[in-house]
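Residues per chain are reported as follows:
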Amino acid sequence: MINFEFKNPTKIIFGKGEIAKISNEIPVDERVLMVYGGGSIKGNGVYNQVKAALKDYDLYEFGGVPANPEFDILVNALQLIKEKKITYLLAVGGGSVIDGVKFLSAAAYYDGDPWEILKKPVRIFEGEGMPFGTVLTLPATGSEMNSSYVISRREINEKRSSGGPGMFPRFSILDPEVVRTIPKNQIANGIADAYTHVLEQYMTAPSSADLQERIAESILISLQETAPKLMAEEFDYGAAANFMWCCTMALNGLIQKGVITDWAVHAMGHELTAYYGIDHARTLAIVAPSHYRYNFEAKKQKLAQYAQRVWGITQGTTDEKAERAIIKMENFFHSLDIHTKLSDYVADYQETATRVKNAFTDRKWTGIGEYKTLTPQDAYEIVKMCY
Ligand code: NZQ
Ligand code: ZN
């Protein structure tokens, strides 16, 4: 097991009706900016619950953060933060709203051009940002209990990640009741995103970190078993609660400790969102199978372990199990009605591999993946296999 340090300071408040507890977490003299998305919270009662919980506060609002949070919109929120002398941020939404608030938290205390925060490949914000909490409305990204965020700038077709130890939410409220109103395509996205988060931290080389591997496998199995209940018509609170906690546990730092991690699927996937606006989770389902096929030799031991422990495939050689594992993974995405080829989403896709290669070359991303050995040319080959 590789040496590691682990600190996750986010307080989780989990369960039905818990949104009312926000006021226990934010000191009453704070000037609070509540940030939300396109309005789903107004249709499902979450907005009213938050307003009721914060009725004694100096409360301001900023709505309209879009999916794949947009830099050009967030700078308007930044202006409001300065004008109203905001001291505390509250994200009420999915990963996009939470990520937007993390960016605002960092930018609020940054004197230069806010794009600078995202300009370098991964610009780590080491200091404390403006304090913020979250009310999660869409299980998927794990952003509610991690310190990363991803911001898009459509004007220049960029989607950039950042983060750092100062970017953990102070608290996050996870009420599984919010799952009731999530459209099925977004539930499918959430399952696929969390599933791929686990794969990025697991599908590398065999390790001696038995506990992390077993936890990772448990999250995968739980997501597989919960998926049909979540995709069924009737709302199932137990399934929603498991889904929510799986998504948080998939990317709160725990399973990546002591092991090597990949993240090349996300790096390539972000490009597909930047060029074509494809939902984040769907880009991962497009890239992952090709990535595992392209890197088959390096990953086949772990693919075979996944086949055996997660899918119960006990017959065959290591190669055979590993090949079947990738097919199982693809079938799982298909069971969520998620297509796994770029041509299923975009008609004009022929230049994509070249665009990815050029973008990675320009940013000097010369080595990605768990061994930092995948070059822009490898990314080109992988993306071509996704067509
Ligand atoms: O905007 P509203 O009206 O709220 O509607 C949203 C949005 O249209 C809707 N929604 C959310 N909760 C709902 C609901 N609709 C009905 N009922 C509810 N309870 O769902 C739509 C999608 O929301 P969004 O926040 O965009 O989805 P998600 O949580 O999947 O976030 C995706 C973003 O997170 C980034 C992605 O790149 C993408 O930008 N990621 C962040 C990560 C992190 N911070 O650690 C890791 C991930 O790998 C990912 O990259
Ligand atoms: Zn993701």
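Residues numbered from 1 in each chain as written. Chains lettered and ligands numbered in written order. Predicted model: local features only at pLDDT ≥ 70, side-chain atom pairs only at ≥ 80, totals over all residues.

Looking at an unreviewed UniProt entry, one finds the chain named Iron-containing alcohol dehydrogenase and attributed to Sphingobacterium arenae.

### Section: the overall build of the chain
Each helix and strand in the chain was counted, giving 15 helices and nine strands. The globule rule puts the C-alpha radius of gyration for 387 residues at 21 Å, and the 20 Å found for the chain is close to it. Projected onto the principal axes, the alpha-carbon positions of the chain cover approximately 65 × 45 × 45 Å. For the chain, restricting intrachain contacts to residue pairs at least 6 apart in sequence, the fraction spanning at least 24 positions comes to 77%. (Helix = DSSP H or I, 4+ residues; strand = E, 2+ residues; numbered from the N terminus. Rg over C-alpha atoms; globule rule 2.2 N^0.38 Å. Contact = placed C-beta atoms within 7 Å.)

### Observations concerning the domain arrangement of the chain
Partitioning the chain into domains gives domain 1 (11–178) and domain 2 (184–385). With centres defined by C-alpha atoms, the gap from domain 1 to domain 2 works out at 26 Å. Listed as interface residues are 17 residues of domain 1 and, on the opposing side, 24 residues of domain 2. (Domains from an automatic or database assignment.)

### Considering the UniProt feature "domain: Fe-containing alcohol dehydrogenase-like C-terminal" (unreviewed entry) in the chain
Feature annotation in UniProt assigns "domain: Fe-containing alcohol dehydrogenase-like C-terminal" (unreviewed entry) to the following positions: residues 189–384. Structurally, residues 189–384 is divided into 67% helix and 0% strand, and its ends, taken at the C-alpha atoms, are 23 Å apart. (UniProt positions renumbered as here; feature names shortened; annotations may be inferred.)

### Topic: the site of ligand 1
Surrounding ligand 1, one finds 33 residues, the nearest of these being G37, G38, A67, G94 and G95. For the shell around ligand 1, the elements supplying multiple residues, two or more each, are α2 (40–43), α5 (95–108), β7 (148–153) and α7 (184–202). Residue composition of the shell around ligand 1, grouped by class: ten nonpolar, 21 polar and two charged. (Near = placed C-beta within 6 Å. Nonpolar A, V, L, I, M, F, W, Y, C, P; charged D, E, K, R; others polar.)

### A short note on helix α10 (residues 264–276)
The terminal C-alpha atoms of α10, which comprises 13 residues, lie 19 Å apart, in line with the 18 Å expected from a rise of 1.5 Å per residue. When you tally the buried positions in α10, you get eleven out of 13 residues, the bulk of the element. Burial in α10 covers these residues: A264, V265, H266, A267, M268, G269, H270, E271, L272, T273 and A274. Buried residues belonging to α10 abut β7, β8 (158–163), α7, α11 (280–294), α14 (352–362) and α15 (376–385). (Expected span 1.5 Å × (residues − 1). Buried ≥ 20, exposed ≤ 12 C-beta atoms within 10 Å, placed from the backbone.)

### Points about the nonpolar core
Grouped together as the largest cluster of nonpolar side chains are 115 residues, with contacts concentrated most on V35, L89, V92, I191, A192 and V198. Beyond its immediate stretch of four places on either side in the chain, V198 contacts A216, I219, L220, A250 and I255. (Core = buried A, V, L, I, M, F, W, Y, C linked by C-beta atoms within 7 Å.)

### A few points about the packing of α11 against α15
For the pair α11 and α15, the least separation of the axes is 8 Å and the interaxial angle reads 125°. What the angle tells us is that α11 and α15 run oblique. Relative to α15, α11 is oriented so that their crossing is right-handed. Every residue of α15 that contacts α11 at V287, S290, H291, R293 and Y294 is listed here: E381, I382 and M385. Of the residues assigned to the contact of α11 with α15, the class counts are four nonpolar, two polar and two charged. (Axes fitted to C-alpha atoms, helices over the stretch in contact; angles between N-to-C directions. Parallel < 35°, antiparallel > 145°, perpendicular 65-115°, else oblique. Left-handed = near helix turned anticlockwise from the far one by under 90°.)

### Here's the deal with the confidence of the model for the chain
Of the residues in the chain, 98% reach a pLDDT of 70 or more, and the chain-wide mean stands at 96. The complex model carries a pTM of 0.97, and its ipTM stands at 0.99. (pLDDT = per-residue confidence, 0-100.)

### Overview of unusual backbone geometry
The residue N68 is not glycine, and still its phi comes out positive at about 55°. Residue classification places N68 among the buried residues on the basis of 22 C-beta atoms within 10 Å. Of note, W263 is a non-glycine position whose phi angle comes to about 70°, a positive value. Mapped onto the fold, W263 is located in the loop between α9 (237–250) and α10.

### What to know about the sheet that holds strand β6 (residues 132–136)
In a beta sheet, neighbouring strands are held together by backbone hydrogen bonds and run either parallel or antiparallel to one another. Here six strands make up an open sheet; going across it, the order is β1-β9-β6-β4-β2-β3 and the pairing parallel. The two strands at the open ends of the sheet, each matched to only one other strand, are β1 (11–14) and β3 (58–62). Here the strands of the sheet are splayed against their neighbours by 20° on average, with no regard to which way each runs. Sheet analysis places strand β2 (residues 31–36) next to β3, joined by five bridges and oriented parallel. Each residue of the ladder has a partner; that of R31, found in β3, is D58. Across the sheet, α5 is in contact with β2, β4 (88–93) and β6; its angle to β4 comes to roughly 165°. (Pairing = 2+ DSSP bridges.)

### Points about the packing of helix α8 (residues 210–231) against α9
α9 packs onto α8 with a crossing angle of 145° between their chain directions and a minimal axis gap of 9 Å. With respect to the hand of their crossing, α8 and α9 are arranged in left-handed fashion. Of the residues in α9, those in contact with I219, S222, L223, T226, K229 and L230 of α8 are A239, N242, F243, C246, M249 and A250. Considered class by class, the residues forming the contact of α8 with α9 number eight nonpolar, three polar and one charged.

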